[in-house]
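The lines below spell out each chain.
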Amino acid sequence: MRLKLFLLPVLLLLLTGTALANKNSSEPRPAPVKIVDDLGRTIELQRPATRIIALYGAFNEMLSELGKEDVIIARTKADTLPPSILAKPSIGTHMRPNPELVAGLKPDIVLQMGGRKKALESVTMLEQLDIPVAFFSITTFEELFSVIKRLGTLTHAEKQAERVCNTLQARLDHVQQQLLVVEHKPSVFFEVRYPNLLGAGTASIVNDIINHAGGINSMDASVKLVRINEEEVIKRNPEVYLIQKGAMNPNPQPIQSRNHFRTISAVKNNRVYVIDESSYSRPGPRAVTAVEELATLLHPTRMQPASHSSGDM
């Protein structure tokens, strides 16, 4: 009798262990995820990423839109959005991340944005430490949506990525519908920096923002940034002049103090606007908000006013 009483708990323990083992074995293991980045390289992870470091702030905003803020484990010094990342450790700058800090955080993958040669140097440096890096380049909304979907794949948020892209595309389509009967598209100069003047060329998200907002970029060079002198701007005589304010142009000189610009059409007709650098020059979800805002500035009689923080200058 005592032997039976002793064996009963043992038998129950064995049965419970077997049941748990069968349950665990029946649970599907996370499947590997795979994308092709914009360097044409196949990036494969053994499971969806749960620890991501973005070397360019727009990726953090995209991950936030996907409901994946929790996978962001660090930030660069300049990044403040979404606000939750302010509590994350800083790993250096976009172009000069600290490789030891990055490696110590053990990311599943690092995200880097193209645009300058130095961005590629950081990719090489981190890959030498066996850290996977996905490299993306965004100059159009089509490319933006492609990156959002690939981030969805990397984080097992494919359905949410599809919803986000559909929502953003619908907003762009709504702007286009309101501009269908517009007969004239004004020429627009986008000031990236002044002095040492830089303008936005056609190989930038700014160009696509201008196009979608019913304007024409007055700079037709097929590069991201165009070095240009004041005389050339005066010669091109843009109808609208946009001055970005942000990291690259922190304290823009008031247009009224630039006496040599007084003959430009935009200045004469009071169509000079200060806009937010991070919305226009950073290719992320807020670029759609920039389209809505700019369409209202370019075609005020056709568009419903969009809420924005820009002002005349």
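Keep in mind the model is a prediction, meaning the values are calculated, not measured. (Residues numbered from 1 in each chain as written. Predicted model: local features only at pLDDT ≥ 70, side-chain atom pairs only at ≥ 80, totals over all residues. Heavy atoms only, no water.)

(A) View of the overall build of the protein chain. The helix and strand tally for the protein chain stands at 11 helices and 12 strands. When burial is assessed residue by residue, the protein chain has 46% of its 313 residues classed as buried. The long-range share in the protein chain, meaning contacts at least 24 apart out of those at least 6 apart in sequence, stands at 62%. Only carbon and sulfur atoms are counted for the fraction: they give 54% of the accessible area of the protein chain, which is about 16,400 Å². (Helix = DSSP H or I, 4+ residues; strand = E, 2+ residues; numbered from the N terminus. Buried < 20%, exposed > 50% of the residue type's maximum accessible area, 1.4 Å probe, protein only. Contact = heavy atoms within 4.5 Å. Areas by Shrake-Rupley, 256 points an atom, 1.4 Å probe, with all protein chains shown as cover.)

(B) Representation of the pattern of salt bridges in the model. Applying the stated criterion across every chain, the model contains 12 salt bridges. Notably, a salt bridge pairs Glu127 with Arg41, separated by 2.4 Å at the nearest N-O pair. Here Glu127, found in helix α4 (residues 117-127), pairs with Arg41, found in the loop between β1 (33-36) and β2 (42-45); they are 86 residues apart in sequence, far enough to count as distant. For Arg41, a relative accessible area of 21% gives the class partly exposed. Among the salt bridges present, the one from Glu292 reaches Arg171, with a minimum N-O distance of 2.9 Å. Highlighted residues: Glu292 in helix α11 (residues 286-298) and Arg171 in helix α6 (residues 158-178), separated in sequence by 121 residues. Residue Arg171 is classed as partly exposed on the basis of its relative accessible area, which comes to 28%. Connected through shared salt-bridge partners, Glu61, Asp79, Asp276, Arg282 and Arg286 make up one network. (Salt bridge = Lys/Arg side-chain N within 4 Å of Asp/Glu carboxyl O.)

(C) Structural context of the confidence of the model for the protein chain. When pLDDT is averaged across the protein chain, the result is 89; 88% of the residues are at 70 or more. Note on residues 10-15: pLDDT is under 50 here. Beyond four places in sequence and across chains, it has zero contacts. Within the model, pLDDT remains below 50 along residues 306-312, and this stretch shows 15 contacts once partners closer than five positions in the same chain are excluded. (pLDDT = per-residue confidence, 0-100.)

(D) Geometry of α4. Among the residues of α4, Ala119, Ser122, Val123 and Leu126 are the ones counted as buried. The buried residues of α4 occupy one face: seen down the axis, they fall within an arc of 105°. Tucked inside the fold, the buried residues of α4 contact α3 (99-104), β4 (109-113) and β5 (133-136). (Arc of directions from axis to C-beta.)

(E) Molecular detail of the sheet that holds strand β3 (residues 52-54). Strands sit in the order β3-β4-β5 across an open sheet of three strands; the sheet is parallel. At either end of the open sheet lies a strand with only one pairing partner, and these are β3 and β5. Mean inter-strand twist for the sheet, computed between neighbouring axes without regard to direction, equals 20°. The sheet contact formed by β4 and β5 spans four bridges and is parallel. Within β5, the residue paired with Leu111 across the bridge is Ala134. Across the sheet, α4 lies against β4 and β5, angled at about 165° from β5, the strand it touches most. (Pairing = 2+ DSSP bridges. Axes fitted to C-alpha atoms, helices over the stretch in contact; angles between N-to-C directions.)

(F) Structural view of the packing of aromatic side chains. Inspection of every chain in the model, using the stated rule, returns seven aromatic pairs. A ring pair is formed by Tyr194 and Phe261, whose centres lie 6.2 Å apart and whose planes are at 55°; its orientation type is tilted. Here Phe261 lies in the loop between β10 (240-245) and α9 (265-268) and Tyr194 lies in the loop between β6 (187-193) and β7 (198-200), a separation of 67 residues in the sequence. Of the two residues, Tyr194 and Phe261, neither departs from the other in class, the shared state being buried. Taking 5.9 Å as the distance between ring centres and 50° as the angle between the ring planes, the aromatic pair formed by Tyr241 and Phe261 counts as tilted. Here Tyr241 is found in strand β10, whereas its partner Phe261 is found in the loop between β10 and α9, with 20 residues between them in sequence. Pair check on accessibility: Tyr241 and Phe261 agree, each one buried. Among the aromatic residues, ring-to-ring pairing joins Phe189, Tyr194, Tyr241 and Phe261 into one connected group. Of note, Arg258 hangs over the ring of Tyr194, and the distance from its end group to the ring centre comes to 3.7 Å. (Phe/Tyr/Trp six-rings, centres within 6.5 Å; stacked < 30°, edge-to-face > 60°. Lys NZ or Arg CZ within 6 Å of the ring centre and 35° of its normal.)

(G) Broad picture of unusual backbone geometry. The step from Leu81 to Pro82 runs through a cis peptide bond, and the omega angle for that step is -10°. Within the element layout of this structure, Pro82 appears in the loop between α2 (57-65) and α3. A positive phi angle, near 55°, is found at Lys106, a position not held by glycine. If you trace the backbone, Lys106 turns up in the loop between α3 and β4. In this structure Lys106 comes out as exposed when scored by relative accessible area, which is 62%. At Asn196, a position not held by glycine, the phi torsion is positive, near 50°. Looking at the element boundaries, Asn196 is found in the loop between β6 and β7.

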